[in-house]
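Structural overview for review
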Amino acid sequence: MLKLLQRTLAQLGCVQVTACDSARRALQEMDHPDGVPDLILLDLNMPEMDGIEFMRQLVERRYAGALILVSGEDEQILQSVERLVRAHRMTTLGHLAKPVQTEALVALIDKWEPAAGNRRRVARTTFVADDIRSAIANGELVNDYQPAVAVATGELVGVEALVRWRHPVAGLVFPDQFIGIAEAHGLIGDLTRAVLIAALAQAKGWRDAGLMLRVSVNVSTEDLAGLDFPDLVTGYAADAGVPTTSVVLEVTESRLMAKLVTGLDVLNRLRLKRFRLSIDDFGTGHSSLAQLRDMPFDELKVDRGFVHGAATDARLRAIYGASLGMGKELGMTIVAEGVEDRADWAFLRRTGCDLAQGYFIAKPMGAAELIGWLADWKLRLSEESLLADGG
Ligand code: G
Ligand code: G
Ligand code: MN
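The structure displayed is predicted, hence computed values, not measured ones.

Thresholds applied
Residues numbered from 1 in each chain as written. Chains lettered and ligands numbered in written order. Predicted model: local features only at pLDDT ≥ 70, side-chain atom pairs only at ≥ 80, totals over all residues. Heavy atoms only, no water. Helix = DSSP H or I, 4+ residues; strand = E, 2+ residues; numbered from the N terminus. Rg over C-alpha atoms; globule rule 2.2 N^0.38 Å. Buried < 20%, exposed > 50% of the residue type's maximum accessible area, 1.4 Å probe, protein only. Domains from an automatic or database assignment. Contact = heavy atoms within 4.5 Å. Buried area = accessible area lost by both parts, 1.4 Å probe. Salt bridge = Lys/Arg side-chain N within 4 Å of Asp/Glu carboxyl O. Polar contact = N/O pair within 3.5 Å; in protein donor to acceptor, adjacent residues only side chain to side chain. Nonpolar A, V, L, I, M, F, W, Y, C, P; charged D, E, K, R; others polar. Donors = N, O, S within 2.8 Å, 3.2 Å for Na, K, Ca; no water. Expected span 1.5 Å × (residues − 1). Arc of directions from axis to C-beta.

1. A closer look at the overall build of the protein
Counting its secondary structure elements, the protein contains 17 helices and twelve strands. For 391 residues, the compact-globule estimate of 2.2 N^0.38 gives 21 Å, and the C-alpha radius of gyration of the protein, at 23 Å, lies within 12% of that figure. Seen through its C-alpha atoms, the protein measures out along the principal axes to roughly 70 × 50 × 40 Å. For the protein, buried positions account for 47% of its 391 residues.

2. What to know about the domain arrangement of the protein
In terms of domain boundaries, the protein breaks down into domain 1 (2–110) and domain 2 (129–383). A C-alpha centroid distance of 34 Å is found between domain 1 and domain 2. Across the boundary between the two partners, domain 1 contributes four residues, which contact five residues of domain 2. For the pairing of domain 1 and domain 2, the buried interface totals around 290 Å² over both sides, and the portion due to carbon and sulfur atoms is 34%. Per-residue buried area on domain 1 facing domain 2 is highest for Arg-83, Arg-86 and Arg-89; these three make up 78% of the total on that side. Counting the contacts that link domain 1 with domain 2 gives zero salt bridges. Summed over the shared surface of domain 1 and domain 2, the number is zero residue pairs in polar contact (both at pLDDT 80 or more). Of the residues that constitute the side of domain 1 that touches domain 2, the class distribution is no nonpolar, no polar and four charged.

3. A closer look at the coordination of the manganese ion (ligand 3)
Within the protein, the atoms that donate to the manganese ion (ligand 3) are Glu-160 (OE), Asn-218 (OD1), Glu-250 (OE) and Asp-280 (OD), at distances of 2.1 to 2.4 Å. Counting the intervening residues between successive donors of the manganese ion (ligand 3) yields the motif E-x57-N-x31-E-x29-D. One end of the pair, Asn-218, is in strand S7 (residues 214–219); the other, Asp-280, is in strand S9 (residues 276–282), and 62 residues separate them in sequence. Asn-218 sits in the partly exposed class, given a relative accessible area of 30%. Of the residues examined, Asp-280 reaches a relative accessible area of 4% and is grouped as buried.

4. Brief notes about helix H15 (residues 314–329)
With 16 residues, H15 ought to run about 22 Å at 1.5 Å a step, and its terminal C-alpha atoms sit 22 Å apart, in line with that. Residues of H15 that are buried: Leu-316, Tyr-320, Ser-323, Leu-324 and Gly-327. In a view along the axis of H15, the buried residues occupy a sector of 100°, so they form one face of it. Exposed residues lying more than 90 degrees from the buried face of H15 are Arg-315 and Glu-329. Against the buried residues of H15 lie S9, strand S10 (299–302), strand S11 (333–336) and helix H16 (342–351). Where H15 begins, the capping side chain belongs to Asp-313, and its oxygen is found 2.9 Å from the backbone nitrogen of Arg-315. In the segment just after H15, Gly-331 is the residue with positive phi, at about 75°.

Next up, the structure:
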């Protein structure tokens, strides 16, 4: 079993695979300086220390990688162990029944991405405009989605589409490595179009399944410089069968101010078409309040730099509070980004923020994972008393 799995993984291109015939061996392996793996395939039924006990050891060692459970146990047991893994705040990609089918393994490994903390350490590759052009043409861009929930009720309100590039060689590439290049070389229009169309199709799928979510898409100021942008987006939404009132267009404040004049025209026409407009990363740009006053925004996203830790840091709290107060005064919906822990969540509840987004609630995920996450989140709301006073 172990040998077979090892060979299959090697064939799939996993460059460094260590096979351990017991949990004790695996823990010894992990004690080496470079021994902590990105992904562990864990058999639950092992002699001496079983898989559950091994997981406890992983928690103690603050293992930040991913897990795939492998077992001959029935589906129900596997599912409850998976819930246990999530309760430990570890990442599980899913489980595999024995004997392991290669396709099932491939499907799980496809879902894997390096932990948030690790991923930026991955060697940076420099891309040129042609790489990005062909990525768009070849459909290599995919969206992850990060949930946004109502602070008062915990209800899932919408998702933000965040583009990723599944590069055939470099692996998963994050937007900070290619959005800027796309903007500089006139490719952002095509990129935004690809992201929007995929997000709208996904939103339609969720709506058909009874999940009436709003979908947020990040647009670049370059997009807003095109006077035909409002008509284009309206067309995409109509083609997808999604009402414009459920589409949120997020614009980053700092970039927003640079091209104010055409931007304002386009933003106003988008608003007339009933799209929701959101000012992203609020607090980081170089805007004046007068400019904010003139912009037809529905929503204000407080930058994560002013959210995480605000409960205990008076300076952050002051900026957060000013943004919240101003946004509310202007009748905007306030979204807090970067809610990373329980203290952040409790703070938002005390201050009357509308929506929350962040790792505490959910990391960006593939579209297929949303339903499963939602079930977990509903459990967490009650089990962790997230809606209780002071919660
Ligand atoms: O998870 P994350 O690394 O995805 O996002 C990094 C930044 O890239 C964020 O500031 C986000 O606004 C931006 N971004 C993500 N997806 C898109 C997109 O489709 N278009 C544009 N213009 N920016 C995006
Ligand atoms: O700029 P924008 O808000 O569009 O970007 C979202 C970015 O923030 C993405 O890179 C996403 O992965 C990241 N992100 C989402 N939630 C959190 C969080 O709780 N903490 C941190 N540090 N980053 C987050
Ligand atoms: Mn955003």
